[in-house]
Amino acid sequence: NFILPYKVAATESPESWRKSLRERYLPLLQSDSLMHEVACKYVKDETQWFKYSELLTDYSGKISLSNLMKGKHGDCSDMSSIAAYAGRALGLPVAIDYLPQWANYPSGHVWNALILNDSLSVPFLGAESGPGDYLQFIRNESKPAKVFRRMYSNVENSFAMQAEKAHIEDIPAYLQSKRALEVTPLYTPTGTVTLKVDAPDGKPVYLCIFQKGNWQAIAGNFAKNGSVTFENMGRDVVYLPMFYEKHSYQSAGNPILLPLRGDSRSIVANESALQTATLSRKFPLKRERT
């Protein structure tokens, strides 16, 4: 999953890259080098020539590795792709982790993780921050609801695989990948949300987060005995339970708040005690935007 695959995205055209990248980065390897030391050297080298840019973010399809090397700029997805390829060329297990959308910000993010063993990995981002220096989650400015790791093989417990077994084809956009391994507890405090639903057994129910005037499913599970449970949900986030059919959402209950501590609770509107509020800020205050 992290060394042998020959491409990082299903839509990417295969290229012969392993030999050239190994020759390019071989000087970073030493007989006594630790994996995180090599990764740090790689990031330091890449910051000299590859720059972050959103100019090609809307490019249709995955940009090939050779074109990224020529263009010398790209977004976080492109930066993580180059780092994954470099790691594979050197025999380093480098994963690509991502979240489709922040719970409090209308965009997603992609980065890398250096796999140290079966239960420990260290986040970083190629051409930006090395292992131990990546502060995206330490600062707690943006809240993750769900975090996934891009695998090469299908993940049996992914929602897409479970939906396929249940012969459900109409799946929300964020949950369509069969190769998404959930790694949310590695990055944020998590909790379990269990709620009552008026739905027959086997009907898919989704927890959604707000997305620019709409809601988008970030987790899914199936109703059983009038209830549904969602595990490993990011805390300090408001979710809306919904059904999804024919590319359309319908409410499945009241909004759910999963606080930093304790159990989840429903948010029920009290129409007899209305209040007036002035919102001076909608998005989190981020250091790079101040």
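Computed from a prediction, not measured in an experiment: that's the story for all the values here.

Conventions adopted
Residues numbered from 1 in each chain as written. Predicted model: local features only at pLDDT ≥ 70, side-chain atom pairs only at ≥ 80, totals over all residues. Heavy atoms only, no water. Helix = DSSP H or I, 4+ residues; strand = E, 2+ residues; numbered from the N terminus. Buried < 20%, exposed > 50% of the residue type's maximum accessible area, 1.4 Å probe, protein only. Lys, Arg positive; Asp, Glu negative; His and termini not counted. Charge placed at Lys NZ, Arg CZ, Asp CG, Glu CD. Pairing = 2+ DSSP bridges. Patch = residues over 30% accessible without salt bridge, like charges linked within 9 Å, V, L, I, M, F, W, Y side chains within 5 Å. Areas by Shrake-Rupley, 256 points an atom, 1.4 Å probe, with all protein chains shown as cover. Salt bridge = Lys/Arg side-chain N within 4 Å of Asp/Glu carboxyl O. Core = buried A, V, L, I, M, F, W, Y, C linked by side-chain atoms within 4.5 Å. Contact = heavy atoms within 4.5 Å. Axes fitted to C-alpha atoms, helices over the stretch in contact; angles between N-to-C directions. pLDDT = per-residue confidence, 0-100.

1. Comments concerning the overall build of the protein chain
Across its full length, the protein chain carries 5 helices and 15 strands. C-alpha atoms of the protein chain, sized along the principal axes, occupy 70 × 45 × 35 Å. Going through the 290 residues of the protein chain one by one, you find that 47% of them count as buried. Within the protein chain, one finds 33 positive and 29 negative side-chain charges whose respective centroids are separated by 2 Å.

2. Here we look at the pairing of strand S12 (residues 237–245)
Within S12, 7 of the 9 residues are buried, which leaves it mostly tucked inside the rest of the structure. Judged from the 3 bridges that link them, strand S9 (residues 204–211) and S12 form a sheet pairing that is antiparallel. Directly across from Leu207, in S12, lies its bridge partner Pro241. Here S12 runs beside strand S14 (residues 256–258); their pairing, made up of 3 bridges, is antiparallel. Of the residues in S14, the one forming a bridge with Val238 is Leu257. Between S12 and strand S13 (residues 248–251), which pair antiparallel one after the other, the connecting turn spans 2 residues, and Lys246 there sits at a positive phi close to 55 degrees.

3. Details of the pairing of strand S3 (residues 94–99)
The buried count for S3 comes to 6 of 6 residues, which makes it a mostly enclosed element. Side chains of S3 alternate between two faces, with Val94, Ile96 and Tyr98 and Ala95, Asp97 and Leu99 buried alike. Where S3 meets strand S6 (residues 148–150), 2 bridges bridge the pair, whose relative direction is antiparallel. Across the sheet, the residue bridging to Asp97 is Arg149, located in S6.

4. Some remarks on a nonpolar patch on the surface
On the surface, Leu55, Leu56 and Tyr59 cluster together into a nonpolar patch covering about 340 Å² of accessible area. Within the secondary structure layout, Leu55 lies in the loop between strand S1 (51–52) and helix H3 (65–71). On the basis of relative accessibility, which here comes to 71%, the residue Leu55 falls in the exposed class.

5. Describing the environment of Arg139
Mapped onto the fold, Arg139 is located in the loop between strand S5 (120–124) and S6. On the basis of relative accessible area, Arg139 is assigned to the partly exposed category, the value being 37%. Residues Arg139 and Asp78, 61 residues apart in the sequence, show an inter-C-alpha distance of 23 Å.

6. Side note on the nonpolar core
Grouped burial of nonpolar side chains is what soluble globular proteins tend to show. Within the largest apolar cluster, 51 residues are counted, with the highest numbers of intra-cluster contacts made by Leu21, Tyr25, Tyr42 and Trp111. Counting only elements with at least two residues in this core, the list comes to helix H1 (18–25), helix H2 (35–46), H3, helix H4 (76–89), S3 and strand S4 (109–117). At 8 residues, H4 tops the list of elements feeding residues into this core. Residues within four places of Leu21 in sequence aside, it is in contact with Leu65, Met69, Tyr85, Ala86 and Ala89.

7. What to know about the pattern of salt bridges
It is possible for side chains of opposite charge to pair when their charged atoms get near one another. What the rule picks out here adds up to 6 salt bridges. Across the salt bridge formed by Glu164 and Lys178, the nearest N and O atoms sit 2.4 Å from each other. Pair noted here: Glu164 is in helix H5 (residues 159–165) and Lys178 is in the loop between H5 and strand S7 (180–182), with a separation of 14 residues, a long-range link. On the basis of relative accessibility, which here comes to 42%, the residue Glu164 falls in the partly exposed class.

8. Considering unusual backbone geometry
Despite not being glycine, Lys72 shows a phi value in the positive range, around 65 degrees. Position of Lys72 relative to the elements: it lies in the loop between H3 and strand S2 (73–74). Taking the relative accessible area as the measure of exposure, Lys72 reaches 45% and is therefore partly exposed. Even without glycine at this site, Asp236 takes up a positive phi of about 60 degrees. Considering the arrangement of structural elements, one finds Asp236 in the loop between strand S11 (227–234) and S12.

9. Let's talk about the sheet that holds S4
Taken in spatial order, the 5 strands make up an open sheet running S5-S4-S3-S6-S7, and their pairing is antiparallel. In the strand order of this sheet, the two ends are held by S5 and S7, each with one partner. Within the sheet, the average angular offset between the axes of one strand and its neighbour, ignoring direction, is 40 degrees. Along the sheet, H2 makes contact with S4 and S5, crossing S4 at roughly 150 degrees. The strands touched by H4 are S3, S4 and S5; relative to S4, the strand with the most contacts, the crossing angle is about 25 degrees.

10. Re the confidence of the model for the protein chain
Across the protein chain, pLDDT averages 92, with 98% of residues at or above 70. Considering each helix and strand of the protein chain separately, the mean pLDDT is smallest for H2, with a value of 89, and largest for S11, with 98.

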